[in-house]
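Residue-level listing of the chains:
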Amino acid sequence: MLKYITVFRYQILIWLVVLASVSTNIYLIVTQPEFDYPEYQDAALDGLDPSEANAKIYKISSYEVHTIPQPPPQLSGNLSRSPTTIIPTKSFILSKTLSSAGANAEDIAKIETSLKSLLPKNSIQNCAKVIITPQATKNYAVDKLTLEFSENKIEVTYDPKKNKYVSQKIAFPLETKTKLISGKIQGSLYSSARRSGADAELIKEFINLLSYSVDFQRDVRAGDNFRIFYEYQTNHNNKTIKKPQIVYASLSVDGEQKEVFKYYLPSGKVDYFDGKGNSVRRSLLRTPINGAKISSSYGMRNHPIHGYSLMHKGVDFSAPRGTPILVAGDGVVKKVSSQARGYGNFVEIEHNKSYSTLYAHMSKFATAIKPGKRVKQGQVIGYVGATGQATGPHLHYEVIHNGKKINPSKVSFPKTPPLTGGELAKFKKALHKIEVAIAGNEYSARNKVAKAENSDKNANKINKPKKENEADPL
Ligand SMILES: [Zn+2]
(Lines give C-alpha, C1' and ligand atoms only; values in the text may rest on other atoms or scores of the structure.)
Protein backbone atom coordinates (compact mmCIF):
# COMPACT_ATOMS: atom_id res chain seq x y z
CA MET A 1 0.00 0.00 0.00
CA LEU A 2 2.72 2.44 0.99
CA LYS A 3 4.66 1.31 -2.08
CA TYR A 4 1.64 2.23 -4.31
CA ILE A 5 1.29 5.60 -2.60
CA THR A 6 4.96 6.31 -3.17
CA VAL A 7 4.77 5.24 -6.87
CA PHE A 8 1.50 7.20 -7.60
CA ARG A 9 2.01 10.11 -5.21
CA TYR A 10 1.85 12.74 -7.96
CA GLN A 11 -1.31 11.28 -9.52
CA ILE A 12 -3.02 11.10 -6.06
CA LEU A 13 -2.08 14.68 -5.36
CA ILE A 14 -3.59 15.83 -8.67
CA TRP A 15 -6.79 13.84 -8.01
CA LEU A 16 -7.08 15.35 -4.54
CA VAL A 17 -6.70 18.86 -5.98
CA VAL A 18 -9.36 18.09 -8.63
CA LEU A 19 -11.76 16.66 -6.00
CA ALA A 20 -11.31 19.67 -3.71
CA SER A 21 -11.93 22.07 -6.57
CA VAL A 22 -15.09 20.27 -7.72
CA SER A 23 -16.56 20.03 -4.20
CA THR A 24 -15.84 23.71 -3.54
CA ASN A 25 -17.65 24.64 -6.70
CA ILE A 26 -20.64 22.42 -5.82
CA TYR A 27 -20.73 24.02 -2.37
CA LEU A 28 -20.61 27.48 -3.89
CA ILE A 29 -23.41 26.73 -6.40
CA VAL A 30 -25.64 25.25 -3.72
CA THR A 31 -25.10 27.88 -1.03
CA GLN A 32 -24.79 31.17 -3.02
CA PRO A 33 -28.07 33.22 -3.40
CA GLU A 34 -29.41 33.98 -6.88
CA PHE A 35 -27.19 36.16 -8.88
CA ASP A 36 -28.33 39.75 -9.19
CA TYR A 37 -26.87 42.96 -10.49
CA PRO A 38 -27.14 45.52 -7.73
CA GLU A 39 -24.78 47.83 -9.60
CA TYR A 40 -26.93 47.67 -12.75
CA GLN A 41 -29.93 49.45 -11.21
CA ASP A 42 -27.68 52.09 -9.71
CA ALA A 43 -26.04 52.58 -13.07
CA ALA A 44 -29.39 52.88 -14.84
CA LEU A 45 -30.57 55.54 -12.41
CA ASP A 46 -27.28 57.37 -12.58
CA GLY A 47 -27.70 61.00 -13.61
CA LEU A 48 -31.43 61.19 -12.68
CA ASP A 49 -32.63 63.29 -9.79
CA PRO A 50 -34.13 61.30 -6.91
CA SER A 51 -37.75 62.27 -7.64
CA GLU A 52 -37.41 61.19 -11.25
CA ALA A 53 -35.72 58.02 -10.15
CA ASN A 54 -38.59 57.27 -7.80
CA ALA A 55 -41.08 58.05 -10.53
CA LYS A 56 -39.33 55.61 -12.80
CA ILE A 57 -39.39 52.90 -10.21
CA TYR A 58 -43.03 53.65 -9.40
CA LYS A 59 -43.93 53.56 -13.05
CA ILE A 60 -42.30 50.23 -13.56
CA SER A 61 -43.83 48.69 -10.47
CA SER A 62 -47.30 50.13 -11.11
CA TYR A 63 -47.21 48.97 -14.71
CA GLU A 64 -46.36 45.46 -13.52
CA VAL A 65 -49.26 45.43 -11.06
CA HIS A 66 -51.87 46.62 -13.55
CA THR A 67 -50.94 44.28 -16.36
CA ILE A 68 -52.38 41.44 -14.34
CA PRO A 69 -55.69 40.80 -16.15
CA GLN A 70 -58.72 41.65 -14.02
CA PRO A 71 -62.09 40.04 -14.69
CA PRO A 72 -64.80 42.73 -15.34
CA PRO A 73 -67.25 43.18 -12.46
CA GLN A 74 -70.49 41.39 -13.14
CA LEU A 75 -73.63 43.50 -13.58
CA SER A 76 -77.17 42.29 -13.34
CA GLY A 77 -79.20 42.32 -16.54
CA ASN A 78 -78.23 41.45 -20.06
CA LEU A 79 -76.32 44.53 -21.20
CA SER A 80 -74.72 45.12 -24.52
CA ARG A 81 -72.40 48.04 -25.30
CA SER A 82 -74.13 49.00 -28.54
CA PRO A 83 -76.73 51.81 -28.26
CA THR A 84 -80.43 51.00 -28.20
CA THR A 85 -82.86 53.21 -30.13
CA ILE A 86 -86.43 53.64 -28.94
CA ILE A 87 -89.22 55.45 -30.80
CA PRO A 88 -91.43 56.77 -27.98
CA THR A 89 -95.15 56.09 -28.09
CA LYS A 90 -97.86 58.04 -26.28
CA SER A 91 -97.43 55.93 -23.16
CA PHE A 92 -93.63 56.42 -23.08
CA ILE A 93 -92.15 56.90 -19.59
CA LEU A 94 -88.45 57.72 -19.48
CA SER A 95 -87.79 56.27 -16.03
CA LYS A 96 -89.30 52.93 -17.04
CA THR A 97 -87.15 52.74 -20.16
CA LEU A 98 -84.02 53.61 -18.18
CA SER A 99 -84.90 51.00 -15.61
CA SER A 100 -85.26 48.28 -18.22
CA ALA A 101 -81.88 49.38 -19.63
CA GLY A 102 -80.37 48.43 -16.27
CA ALA A 103 -80.24 51.82 -14.52
CA ASN A 104 -80.94 51.77 -10.79
CA ALA A 105 -83.22 54.22 -8.96
CA GLU A 106 -80.26 56.41 -7.97
CA ASP A 107 -79.05 56.74 -11.57
CA ILE A 108 -82.55 57.49 -12.83
CA ALA A 109 -82.90 60.24 -10.23
CA LYS A 110 -79.53 61.70 -11.27
CA ILE A 111 -80.53 61.66 -14.97
CA GLU A 112 -83.87 63.29 -14.22
CA THR A 113 -82.21 66.01 -12.14
CA SER A 114 -79.81 66.87 -14.94
CA LEU A 115 -82.68 67.01 -17.45
CA LYS A 116 -84.89 69.27 -15.34
CA SER A 117 -83.85 72.65 -16.77
CA LEU A 118 -83.58 71.50 -20.38
CA LEU A 119 -86.69 69.38 -20.62
CA PRO A 120 -89.86 71.22 -19.62
CA LYS A 121 -92.72 69.16 -18.21
CA ASN A 122 -94.55 66.92 -20.70
CA SER A 123 -92.18 67.88 -23.55
CA ILE A 124 -90.85 64.30 -23.54
CA GLN A 125 -94.06 63.52 -25.47
CA ASN A 126 -92.62 65.48 -28.44
CA CYS A 127 -89.48 63.38 -28.41
CA ALA A 128 -88.96 61.61 -31.75
CA LYS A 129 -86.17 59.23 -30.76
CA VAL A 130 -84.49 57.99 -27.56
CA ILE A 131 -81.01 56.48 -27.77
CA ILE A 132 -79.45 54.75 -24.76
CA THR A 133 -75.74 53.90 -24.81
CA PRO A 134 -75.03 51.45 -21.98
CA GLN A 135 -71.78 51.05 -20.09
CA ALA A 136 -71.45 47.43 -19.04
CA THR A 137 -67.97 47.45 -17.51
CA LYS A 138 -68.44 50.18 -14.91
CA ASN A 139 -70.68 50.42 -11.92
CA TYR A 140 -73.39 52.39 -13.75
CA ALA A 141 -75.64 51.14 -16.53
CA VAL A 142 -76.30 54.18 -18.75
CA ASP A 143 -73.26 55.92 -20.19
CA LYS A 144 -75.18 58.25 -22.50
CA LEU A 145 -78.82 59.13 -23.13
CA THR A 146 -79.89 61.04 -26.24
CA LEU A 147 -83.36 62.55 -26.67
CA GLU A 148 -83.99 63.69 -30.23
CA PHE A 149 -86.60 66.35 -31.03
CA SER A 150 -87.48 67.94 -34.36
CA GLU A 151 -85.20 70.96 -33.95
CA ASN A 152 -82.64 69.82 -31.37
CA LYS A 153 -81.42 66.98 -29.22
CA ILE A 154 -80.54 66.67 -25.55
CA GLU A 155 -77.48 64.62 -24.64
CA VAL A 156 -77.10 63.31 -21.09
CA THR A 157 -73.66 61.88 -20.30
CA TYR A 158 -72.22 60.40 -17.13
CA ASP A 159 -69.34 62.34 -15.60
CA PRO A 160 -67.36 59.85 -13.45
CA LYS A 161 -65.32 62.63 -11.79
CA LYS A 162 -68.42 64.39 -10.46
CA ASN A 163 -70.40 61.14 -10.17
CA LYS A 164 -73.38 62.75 -11.85
CA TYR A 165 -75.08 63.14 -15.20
CA VAL A 166 -74.57 66.29 -17.27
CA SER A 167 -77.10 67.45 -19.90
CA GLN A 168 -76.65 69.69 -22.90
CA LYS A 169 -78.98 70.83 -25.69
CA ILE A 170 -77.63 70.70 -29.23
CA ALA A 171 -79.54 72.42 -32.03
CA PHE A 172 -79.81 70.62 -35.35
CA PRO A 173 -78.74 72.68 -38.35
CA LEU A 174 -81.86 73.81 -40.22
CA GLU A 175 -81.99 74.28 -43.94
CA THR A 176 -84.05 77.10 -45.45
CA LYS A 177 -85.67 76.21 -48.75
CA THR A 178 -87.84 78.24 -51.11
CA LYS A 179 -90.66 77.39 -53.47
CA LEU A 180 -92.62 79.24 -56.10
CA ILE A 181 -96.25 78.47 -56.82
CA SER A 182 -97.85 80.25 -59.75
CA GLY A 183 -100.90 79.90 -61.94
CA LYS A 184 -103.90 81.41 -63.65
CA ILE A 185 -107.24 81.78 -61.91
CA GLN A 186 -109.86 79.42 -63.27
CA GLY A 187 -112.91 79.15 -61.07
CA SER A 188 -112.10 80.49 -57.61
CA LEU A 189 -108.71 81.74 -56.47
CA TYR A 190 -108.77 79.10 -53.74
CA SER A 191 -109.34 76.12 -56.05
CA SER A 192 -106.84 77.46 -58.62
CA ALA A 193 -104.12 77.90 -55.98
CA ARG A 194 -104.88 74.44 -54.57
CA ARG A 195 -104.45 72.94 -58.05
CA SER A 196 -101.06 74.67 -58.33
CA GLY A 197 -99.90 73.03 -55.10
CA ALA A 198 -100.59 75.63 -52.38
CA ASP A 199 -102.10 74.37 -49.14
CA ALA A 200 -105.09 76.00 -47.42
CA GLU A 201 -102.94 77.74 -44.81
CA LEU A 202 -100.70 79.34 -47.46
CA ILE A 203 -103.71 80.55 -49.49
CA LYS A 204 -105.20 82.11 -46.35
CA GLU A 205 -101.96 84.00 -45.71
CA PHE A 206 -101.80 85.07 -49.37
CA ILE A 207 -105.34 86.50 -49.24
CA ASN A 208 -104.58 88.14 -45.90
CA LEU A 209 -101.49 89.92 -47.28
CA LEU A 210 -103.20 91.17 -50.43
CA SER A 211 -106.54 92.00 -48.81
CA TYR A 212 -105.40 95.57 -48.09
CA SER A 213 -105.07 96.38 -51.79
CA VAL A 214 -107.41 93.81 -53.40
CA ASP A 215 -111.12 93.34 -52.80
CA PHE A 216 -111.31 89.58 -53.21
CA GLN A 217 -115.13 89.68 -53.48
CA ARG A 218 -115.15 91.91 -56.55
CA ASP A 219 -111.70 92.41 -58.15
CA VAL A 220 -110.56 88.84 -58.81
CA ARG A 221 -111.46 87.43 -62.24
CA ALA A 222 -110.73 84.30 -64.28
CA GLY A 223 -107.47 84.59 -66.20
CA ASP A 224 -105.74 86.69 -63.51
CA ASN A 225 -102.22 85.48 -62.65
CA PHE A 226 -101.04 84.78 -59.13
CA ARG A 227 -97.59 83.99 -57.74
CA ILE A 228 -96.73 82.85 -54.21
CA PHE A 229 -93.05 82.60 -53.32
CA TYR A 230 -92.46 81.20 -49.87
CA GLU A 231 -89.74 79.81 -47.66
CA TYR A 232 -89.77 76.92 -45.23
CA GLN A 233 -87.24 75.15 -43.04
CA THR A 234 -86.37 71.49 -42.95
CA ASN A 235 -84.53 69.62 -40.21
CA HIS A 236 -81.86 66.90 -40.47
CA ASN A 237 -84.56 64.36 -41.37
CA ASN A 238 -85.75 66.57 -44.25
CA LYS A 239 -88.97 67.15 -42.32
CA THR A 240 -90.59 70.57 -42.69
CA ILE A 241 -90.70 72.38 -39.39
CA LYS A 242 -92.28 75.76 -38.67
CA LYS A 243 -95.06 77.22 -40.77
CA PRO A 244 -94.05 78.24 -44.32
CA GLN A 245 -93.71 82.02 -44.63
CA ILE A 246 -94.56 84.07 -47.72
CA VAL A 247 -91.61 86.06 -49.06
CA TYR A 248 -93.41 87.48 -52.08
CA ALA A 249 -97.00 87.43 -53.29
CA SER A 250 -98.51 88.93 -56.41
CA LEU A 251 -101.84 89.06 -58.17
CA SER A 252 -102.63 90.71 -61.48
CA VAL A 253 -105.87 92.64 -61.08
CA ASP A 254 -107.29 94.30 -64.19
CA GLY A 255 -103.82 94.33 -65.78
CA GLU A 256 -102.27 95.86 -62.68
CA GLN A 257 -99.71 93.86 -60.70
CA LYS A 258 -100.38 93.97 -56.93
CA GLU A 259 -97.26 92.85 -55.07
CA VAL A 260 -96.06 92.41 -51.48
CA PHE A 261 -92.51 91.74 -50.29
CA LYS A 262 -91.43 90.41 -46.93
CA TYR A 263 -88.90 92.60 -45.13
CA TYR A 264 -87.19 92.50 -41.71
CA LEU A 265 -87.51 95.86 -39.94
CA PRO A 266 -84.54 97.08 -37.83
CA SER A 267 -86.48 95.87 -34.76
CA GLY A 268 -86.27 92.32 -36.16
CA LYS A 269 -90.02 92.25 -36.78
CA VAL A 270 -91.26 90.99 -40.14
CA ASP A 271 -93.50 93.27 -42.17
CA TYR A 272 -94.75 93.39 -45.74
CA PHE A 273 -94.27 96.25 -48.19
CA ASP A 274 -95.14 97.04 -51.79
CA GLY A 275 -92.38 97.58 -54.36
CA LYS A 276 -92.04 101.24 -53.33
CA GLY A 277 -91.49 100.54 -49.63
CA ASN A 278 -95.03 101.38 -48.44
CA SER A 279 -96.39 99.12 -45.72
CA VAL A 280 -99.28 96.99 -46.94
CA ARG A 281 -100.64 96.46 -43.46
CA ARG A 282 -103.19 98.90 -42.16
CA SER A 283 -103.47 98.97 -38.43
CA LEU A 284 -107.14 97.91 -38.47
CA LEU A 285 -109.27 96.01 -40.98
CA ARG A 286 -112.33 98.00 -42.09
CA THR A 287 -114.36 94.82 -42.47
CA PRO A 288 -113.58 92.21 -39.83
CA ILE A 289 -115.64 89.57 -41.63
CA ASN A 290 -115.42 88.04 -45.10
CA GLY A 291 -118.16 88.57 -47.66
CA ALA A 292 -120.54 90.42 -45.31
CA LYS A 293 -122.75 93.38 -46.14
CA ILE A 294 -123.22 96.44 -43.96
CA SER A 295 -126.80 96.22 -42.72
CA SER A 296 -126.69 99.21 -40.42
CA SER A 297 -124.07 101.94 -40.37
CA TYR A 298 -122.85 104.22 -37.63
CA GLY A 299 -125.14 107.12 -36.64
CA MET A 300 -128.68 108.00 -35.66
CA ARG A 301 -131.30 105.39 -36.52
CA ASN A 302 -134.63 104.04 -35.53
CA HIS A 303 -133.82 101.20 -33.16
CA PRO A 304 -135.37 97.96 -34.49
CA ILE A 305 -136.21 96.66 -31.00
CA HIS A 306 -136.84 99.75 -28.90
CA GLY A 307 -138.62 101.52 -31.74
CA TYR A 308 -137.25 104.97 -30.92
CA SER A 309 -134.44 106.99 -32.41
CA LEU A 310 -131.06 106.14 -30.98
CA MET A 311 -127.43 106.67 -31.75
CA HIS A 312 -125.95 103.50 -33.29
CA LYS A 313 -122.33 103.59 -32.15
CA GLY A 314 -121.05 100.81 -34.37
CA VAL A 315 -121.48 99.14 -37.73
CA ASP A 316 -123.63 96.06 -38.28
CA PHE A 317 -122.61 93.44 -40.82
CA SER A 318 -125.27 90.89 -41.68
CA ALA A 319 -123.93 87.40 -42.28
CA PRO A 320 -125.13 83.81 -41.77
CA ARG A 321 -124.86 82.35 -38.28
CA GLY A 322 -121.46 80.72 -37.75
CA THR A 323 -119.54 82.99 -40.18
CA PRO A 324 -116.02 83.51 -38.71
CA ILE A 325 -115.32 86.95 -37.23
CA LEU A 326 -111.75 88.18 -37.75
CA VAL A 327 -109.86 90.43 -35.39
CA ALA A 328 -109.33 93.84 -37.05
CA GLY A 329 -105.73 94.25 -35.93
CA ASP A 330 -102.91 92.83 -33.81
CA GLY A 331 -103.62 93.24 -30.12
CA VAL A 332 -104.47 91.72 -26.76
CA VAL A 333 -107.85 90.27 -25.67
CA LYS A 334 -109.27 92.67 -23.07
CA LYS A 335 -112.67 91.17 -22.41
CA VAL A 336 -114.54 87.96 -23.25
CA SER A 337 -117.99 88.36 -21.78
CA SER A 338 -121.72 87.63 -22.06
CA GLN A 339 -124.71 89.91 -21.52
CA ALA A 340 -128.20 88.48 -21.43
CA ARG A 341 -129.35 91.61 -23.27
CA GLY A 342 -127.31 94.26 -25.06
CA TYR A 343 -124.18 92.87 -26.64
CA GLY A 344 -124.85 89.17 -25.94
CA ASN A 345 -121.57 87.27 -26.32
CA PHE A 346 -118.89 89.87 -27.03
CA VAL A 347 -115.12 90.28 -27.24
CA GLU A 348 -113.08 93.43 -26.81
CA ILE A 349 -109.55 93.70 -28.21
CA GLU A 350 -107.01 96.35 -27.23
CA HIS A 351 -104.77 97.22 -30.21
CA ASN A 352 -102.65 99.93 -28.62
CA LYS A 353 -102.97 102.62 -25.97
CA SER A 354 -105.58 104.57 -27.91
CA TYR A 355 -107.48 102.04 -30.03
CA SER A 356 -109.63 99.06 -29.18
CA THR A 357 -112.39 97.19 -31.03
CA LEU A 358 -115.50 95.33 -29.91
CA TYR A 359 -117.41 92.47 -31.57
CA ALA A 360 -120.93 91.60 -30.36
CA HIS A 361 -123.84 89.15 -30.70
CA MET A 362 -121.50 86.18 -31.28
CA SER A 363 -123.00 82.67 -31.38
CA LYS A 364 -119.76 81.38 -29.81
CA PHE A 365 -116.18 82.41 -29.05
CA ALA A 366 -113.12 80.89 -30.73
CA THR A 367 -111.49 78.47 -28.25
CA ALA A 368 -108.13 80.28 -28.12
CA ILE A 369 -109.72 83.62 -27.16
CA LYS A 370 -109.05 84.26 -23.47
CA PRO A 371 -108.41 87.59 -21.68
CA GLY A 372 -104.74 88.57 -21.89
CA LYS A 373 -104.12 86.47 -25.00
CA ARG A 374 -102.24 88.03 -27.95
CA VAL A 375 -104.10 88.00 -31.25
CA LYS A 376 -102.95 88.60 -34.81
CA GLN A 377 -104.85 90.57 -37.41
CA GLY A 378 -107.18 88.29 -39.35
CA GLN A 379 -107.31 85.65 -36.60
CA VAL A 380 -110.75 84.15 -35.96
CA ILE A 381 -112.04 85.33 -32.58
CA GLY A 382 -115.63 84.10 -32.75
CA TYR A 383 -118.65 83.35 -34.92
CA VAL A 384 -121.67 85.35 -36.03
CA GLY A 385 -124.82 84.85 -34.00
CA ALA A 386 -127.82 86.69 -32.59
CA THR A 387 -127.15 86.63 -28.84
CA GLY A 388 -128.25 89.63 -26.73
CA GLN A 389 -130.50 92.26 -28.29
CA ALA A 390 -130.51 91.25 -31.96
CA THR A 391 -133.27 90.67 -34.47
CA GLY A 392 -131.17 88.25 -36.55
CA PRO A 393 -127.62 86.97 -36.96
CA HIS A 394 -125.18 89.84 -37.51
CA LEU A 395 -121.91 91.27 -36.23
CA HIS A 396 -122.06 94.53 -34.32
CA TYR A 397 -118.59 96.09 -34.66
CA GLU A 398 -117.28 99.05 -32.66
CA VAL A 399 -114.04 101.02 -32.82
CA ILE A 400 -113.13 102.77 -29.58
CA HIS A 401 -110.64 105.64 -29.72
CA ASN A 402 -109.44 106.99 -26.35
CA GLY A 403 -112.57 105.60 -24.69
CA LYS A 404 -114.98 107.10 -27.25
CA LYS A 405 -116.91 105.01 -29.77
CA ILE A 406 -116.11 106.35 -33.20
CA ASN A 407 -117.33 105.69 -36.75
CA PRO A 408 -115.26 102.76 -38.08
CA SER A 409 -115.78 103.75 -41.73
CA LYS A 410 -114.71 107.35 -41.20
CA VAL A 411 -111.67 106.89 -39.02
CA SER A 412 -108.29 107.31 -40.73
CA PHE A 413 -106.31 104.37 -39.53
CA PRO A 414 -102.67 105.06 -38.83
CA LYS A 415 -100.48 103.04 -41.21
CA THR A 416 -96.99 101.68 -40.62
CA PRO A 417 -94.83 104.54 -41.98
CA PRO A 418 -93.24 103.95 -45.41
CA LEU A 419 -89.55 103.07 -45.56
CA THR A 420 -87.25 106.02 -46.25
CA GLY A 421 -83.55 106.88 -46.62
CA GLY A 422 -81.06 104.18 -45.71
CA GLU A 423 -83.83 101.78 -44.73
CA LEU A 424 -85.44 102.14 -48.16
CA ALA A 425 -82.06 101.47 -49.84
CA LYS A 426 -81.69 98.31 -47.72
CA PHE A 427 -85.22 97.27 -48.64
CA LYS A 428 -84.48 97.72 -52.37
CA LYS A 429 -81.48 95.42 -52.02
CA ALA A 430 -83.59 92.80 -50.21
CA LEU A 431 -86.29 93.17 -52.89
CA HIS A 432 -83.70 92.58 -55.63
CA LYS A 433 -82.50 89.42 -53.85
CA ILE A 434 -86.09 88.13 -53.72
CA GLU A 435 -86.56 88.82 -57.45
CA VAL A 436 -83.34 86.97 -58.28
CA ALA A 437 -84.42 84.02 -56.13
CA ILE A 438 -87.82 83.90 -57.86
CA ALA A 439 -86.15 84.02 -61.29
CA GLY A 440 -83.93 81.13 -60.20
CA ASN A 441 -86.95 79.10 -59.12
CA GLU A 442 -88.79 79.83 -62.38
CA TYR A 443 -85.69 78.86 -64.36
CA SER A 444 -85.32 75.47 -62.65
CA ALA A 445 -89.09 74.85 -62.90
CA ARG A 446 -88.93 75.53 -66.68
CA ASN A 447 -85.90 73.25 -66.95
CA LYS A 448 -87.76 70.45 -65.21
CA VAL A 449 -90.70 70.77 -67.63
CA ALA A 450 -88.34 70.90 -70.64
CA LYS A 451 -86.43 67.86 -69.40
CA ALA A 452 -89.64 65.90 -68.83
CA GLU A 453 -90.79 66.78 -72.38
CA ASN A 454 -87.40 65.83 -73.81
CA SER A 455 -87.29 62.53 -72.00
CA ASP A 456 -90.77 61.76 -73.39
CA LYS A 457 -89.58 62.56 -76.94
CA ASN A 458 -86.39 60.55 -76.50
CA ALA A 459 -88.06 57.61 -74.84
CA ASN A 460 -87.97 55.52 -78.03
CA LYS A 461 -84.60 56.76 -79.26
CA ILE A 462 -81.22 55.20 -78.59
CA ASN A 463 -79.81 56.43 -75.28
CA LYS A 464 -77.23 59.12 -75.70
CA PRO A 465 -74.93 60.25 -72.86
CA LYS A 466 -76.98 62.77 -70.87
CA LYS A 467 -75.76 65.97 -69.30
CA GLU A 468 -75.81 66.14 -65.51
CA ASN A 469 -78.56 68.23 -63.90
CA GLU A 470 -77.92 71.86 -64.68
CA ALA A 471 -76.69 73.91 -61.78
CA ASP A 472 -79.34 75.84 -59.90
CA PRO A 473 -78.71 79.53 -60.64
CA LEU A 474 -79.57 80.43 -57.01
ZN1 LIG B 1 -125.21 97.16 -34.00
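First, a word on scope: everything that follows refers to the structure included in this document. Please read these numbers as outputs of a predicted model, since none were measured by experiment.

Quick look at the overall build of the protein
Scanning the protein from terminus to terminus reveals 9 helices and 22 strands. Taken across its 474 residues, the protein has 32% of its residues classed as buried. Total accessible area computed for the protein in this model is approximately 31000 Å², and 55% of it derives from carbon and sulfur atoms.

Comments concerning the coordination of the zinc ion
On the protein side, the zinc ion has H312 (NE2), D316 (OD) and H396 (ND1) as donor atoms, found 1.9 to 2.3 Å from it. Positions of the donor residues of the zinc ion along the chain correspond to the pattern H-x3-D-x79-H. You can see D316 sitting in strand β14 (residues 315-318) and its partner H396 sitting in strand β21 (residues 394-401), a full 80 residues away along the chain. A relative accessible area of 6% means that D316 is categorised as buried. Classification of H396 by relative accessible area gives buried; the value is 8%.

Focus on the nonpolar core
Residues I325, Y359 and I381 are the most contacted members of the largest nonpolar core, which totals 25 residues. Only β14, β17 (345-350), β18 (355-365), β20 (380-384) and β21 provide two or more residues apiece to this core. Beyond its immediate chain neighbours, meaning those up to four positions away, I381 contacts I325, L326, V327, V347, Y359, M362, F365, A366, I369 and V375.

Quick look at the sheet that holds strand β8 (residues 240-253)
Read across the open sheet, the 5 strands follow the order β6-β7-β8-β9-β10; overall the sheet is antiparallel. The outermost strands of the open sheet, each flanked by one partner alone, are β6 (175-184) and β10 (270-273). Averaged over neighbouring strand pairs, the angle between their axes works out to 20° when direction is ignored. Relative to β8, strand β7 (residues 225-234) is paired through 8 bridges, and the arrangement is antiparallel. Following the sheet pairing, E231 is matched in β8 by Q245. Contacting β6, β7, β8, β9 (256-264) and β10, helix α8 (residues 200-210) crosses the sheet at an angle of about 45° to β8.

Overview of the pairing of β17
Of all 6 residues that make up β17, 5 are buried, and the element is covered over most of its length. Where strand β16 (residues 331-338) lies against β17, 6 bridges are found, and the strand directions are antiparallel. Note that in β17 the partner of V336 across the bridge is V347. A loop of 6 residues connects β16 with β17, the two strands running antiparallel in sequence, and G342 in this loop sits at a positive phi of about 55°. In the sheet, β17 pairs with β18 via 5 bridges, with the strands oriented antiparallel. The residue of β18 that forms the bridge with E348 is L358. In this antiparallel pair of consecutive strands, β17 and β18, the connection spans 4 residues.

Conventions and cut-offs
In every chain, residue numbers begin from 1 and rise along the written sequence. This being a predicted model, a pLDDT of at least 70 is required before a residue's local features are given, and a value of 80 or more before pairs of side-chain atoms are given or counted; all residues contribute to the totals for chains, interfaces and linings. By convention in this description, side-chain values take in all heavy atoms of the structure and omit both hydrogens and water. Comment: elements are numbered from the N terminus, with helices defined as DSSP H or I runs of at least four residues and strands as E runs of at least two. Exposed residues in this analysis have more than 50% of their type's maximum accessible area, buried residues have under 20%, and partly exposed residues fall in between, with area computed by a 1.4 Å probe over protein chains only. In short, Shrake-Rupley with a 1.4 Å probe defines the accessible areas, and a residue's cover is counted only from the protein chains shown. Only nitrogen, oxygen and sulfur atoms qualify as donors, provided they sit within 2.8 Å of the metal or within 3.2 Å for Na, K and Ca; with water excluded from the atoms, sites may seem incomplete. Each nonpolar core is a collection of buried residues, namely Ala, Val, Leu, Ile, Met, Phe, Trp, Tyr and Cys, held together in the definition by side-chain atoms within 4.5 Å. Every residue pair with non-hydrogen atoms within 4.5 Å of one another is taken to be in contact. A strand pair is defined by DSSP finding two or more bridges across the two strands. Lines are fitted to the C-alpha atoms to define the axes, a helix being fitted only along its stretch in contact, and any angle between axes, read from their N-to-C directions, falls within 0 to 180 degrees.

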